[in-house]
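# Observations on chain architecture
Listed below are the residues making up each chain.
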Amino acid sequence: MPANSPRPSATGSSRLFARGSWRETQRITAALRTETVGGALLLVAALAALVWANTPWRESYAALRDLHVGPSALHLDLSVGHWAADGLLAIFFFVAGIELKHEFTRGDLSDIRKATVPVAAACAGVILPALLFLGVGMLRGGGGDVLRGWAIPTATDIAFALAVLAVIGTHLPSALRSFLLTLAVVDDLIAITIIAVAYTESLQALALLAALVPLAAFALATRRGWTSPWLLIPLALLTWGLVHASGIHATVAGVLLGLVTPVDVGHRLEHVVRPVSAGVAVPLFAFFAAGVTVVGGGFGEAVSDPAAQGVVAGLVVGKFVGILGATWLLARFTKAELDSDLAWADIAGLSLLAGIGFTVSLLVGELAYGAGSARDDHVKLAVLLGSLVAAVLASVVLRSRNRHYARIAAREAEDLDLDGVPDVYEAHGSITPDGLKDGRHRGRQDGRREDGTLSS
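Residues numbered from 1 in each chain as written. Predicted model: local features only at pLDDT ≥ 70, side-chain atom pairs only at ≥ 80, totals over all residues. Heavy atoms only, no water.

Counting its regular elements, the protein chain contains 17 helices and six strands. Expressed as a percentage of contacts within the protein chain between residues at least 6 apart in sequence, the contacts between residues at least 24 apart total 80%. In the form shown here, the protein chain has an accessible surface area of approximately 20,700 Å², with 66% of it arising from carbon and sulfur atoms. (Helix = DSSP H or I, 4+ residues; strand = E, 2+ residues; numbered from the N terminus. Contact = heavy atoms within 4.5 Å. Areas by Shrake-Rupley, 256 points an atom, 1.4 Å probe, with all protein chains shown as cover.)

We now examine the packing of helix H7 (residues 174–198) against helix H14 (residues 344–353). Contact pair H7 / H14: the axes reach a minimum separation of 11 Å and the direction vectors enclose 35 degrees. Viewed along their axes, H7 and H14 form a crossing whose handedness is right-handed. Contacts between H7 and H14 involve Leu-176, Phe-179 and Leu-180 on the former and, on the latter, Asp-346, Ile-347, Leu-350 and Leu-353. Taken together, the residues of the contact of H7 with H14 break down into six nonpolar, no polar and one charged. (Axes fitted to C-alpha atoms, helices over the stretch in contact; angles between N-to-C directions. Left-handed = near helix turned anticlockwise from the far one by under 90°. Nonpolar A, V, L, I, M, F, W, Y, C, P; charged D, E, K, R; others polar.)

We now examine the packing of aromatic side chains. Counting across every chain of the model gives eight aromatic pairs. A ring pair is formed by Phe-160 and Phe-358, whose centres lie 5.4 Å apart and whose planes are at 80 degrees; its orientation type is edge-to-face. With Phe-160 in helix H6 (residues 158–168) and Phe-358 in the loop between H14 and helix H15 (359–369), this residue pair connects regions lying 198 residues apart in the sequence. The pair formed by Phe-160 and Phe-358 is uniform in burial state, with each residue classed as buried. Residue placement shows Arg-332 over the ring face of Phe-333; its charged tip is 5.9 Å from the ring centre. (Phe/Tyr/Trp six-rings, centres within 6.5 Å; stacked < 30°, edge-to-face > 60°. Buried < 20%, exposed > 50% of the residue type's maximum accessible area, 1.4 Å probe, protein only. Lys NZ or Arg CZ within 6 Å of the ring centre and 35° of its normal.)

What follows is about the nonpolar core. Note on soluble globular proteins: their nonpolar side chains tend to be buried together. With 103 residues, the main nonpolar core has Phe-17, Leu-353 and Phe-358 as its most contacted residues. Looking at this core, the element that brings in the most residues is H7, giving 14 residues. For Phe-358, the residues in contact, after removing those within four places along its chain, are Leu-42, Ala-46, Asp-157, Phe-160, Ala-286, Ala-290, Val-383 and Leu-384. With 13 residues, the next largest nonpolar core counts Leu-215, Leu-232, Leu-235 and Ala-236 among its residues. (Core = buried A, V, L, I, M, F, W, Y, C linked by side-chain atoms within 4.5 Å.)

On to the confidence of the model for the protein chain. Averaged over all residues, the pLDDT of the protein chain is 81; the fraction at 70 or higher stands at 87%. In this model residues 1–13 is a low-confidence stretch, pLDDT under 50, and it forms 17 contacts with partners more than four residues away in sequence or in other chains. Across residues 427–456, confidence stays below pLDDT 50; counting only partners more than four residues off in sequence or on other chains, it has 44 contacts. (pLDDT = per-residue confidence, 0-100.)

Mapped onto the secondary structure, Ile-98 falls in helix H3 (residues 80–105). Separated by 172 residues in the primary sequence, Ile-98 and Glu-270 place their C-alpha atoms 7.3 Å from one another. When sequence neighbours within four positions are dropped, the list of residues in contact with Ile-98 reads Gly-258, Gly-266, Leu-269 and Glu-270.

For the rest of this paragraph, the subject is the environment of Ser-340. For Ser-340, the position within the fold is in the loop between strand E4 (337–338) and H14. When the C-alpha positions of Ser-340 and Phe-17 are compared, they lie 9.4 Å apart, and in sequence the two are 323 residues distant.

Below, the structure written as structure tokens:
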């Protein structure tokens, strides 16, 4: 083989979890930074609710959560907890809709080759937890009422997961962070579809059709670049109100509004709305949803409930086996290989991390069993317990690889040519540290990139 010919790949197989583009990495990093802060606030809010609900003043917590406000003439005389679930979470799902639009048009989901792994992993990470929940429920003699909660352990909470990563201080590689975000985006799409289809008891078709009018006006306004809040907020509120009146859970309106927003406009709106979602909407929902009383025998009743047992099994075992198994099977049957920087232990840790389900899981529990019911309280405690177990197990696995991640992070941050773009993302390959001389750098001596191909 001539000295200057490119080296062939060892197997000719494709790589899983290869590093993406610098532009996409920047976007994901910015989004995850906001979600990490939001995750910390979410944890504080959930802990505050849990403590308050188990003090002698717990009745005041319940009174605040169940306080009804809003115009009854518009059928919006809702409890504060209901407003948090139906109203504030619509903001969360609006951001999810924007993220979905980006992923389907410009992100990993726009490329069938890149989309295969996160989509397959997300689907398996939904199906297996649901099956485990149903299996545990039936084995424990649970009736139809228990089985209504089959979708509770299917959702991954990206903010909670990122908060755990921040606490354990792991330098997760960009490819894994991108996979986690894409997985969560697909997960949200599946979750909102389940909420709309499985938990809609009665449908008012006229109200749903009427909701299409302000939705179309919102789409037209954003397409024309008219982003004044005085225009978009009333249209969004009208869409939300009509979807709520239709019998479909009102959070669906948030996803629809995000999906009809053009990507470029969506990016601008996301910069404004994501901090509100992560810093206000989700923590307030967590505060009003996580207040479970466990003193006085509540914990014993919860852990003996088949629904609670199914939730823990789904989150801890179902998510792990589903995501890791689907990824391994894709690699096995397509003869793809993991990126050279990664090992299967990394995918195992990420699969355990995906077992952290909180925001959407709590919402589905309320829809399945009724907010404030005894079984709803049981599954809330199960979501907290299952998420805690998944977080601890993920922390053990990911922390064991942290030195390796730190080396990858240092390489991904290296910018020897000082052009503002780390060298590993340069179109012409990486710059090696031994190329630095007198404040300048040189390329590889043989004119090759690090992957063996010739530089131009």
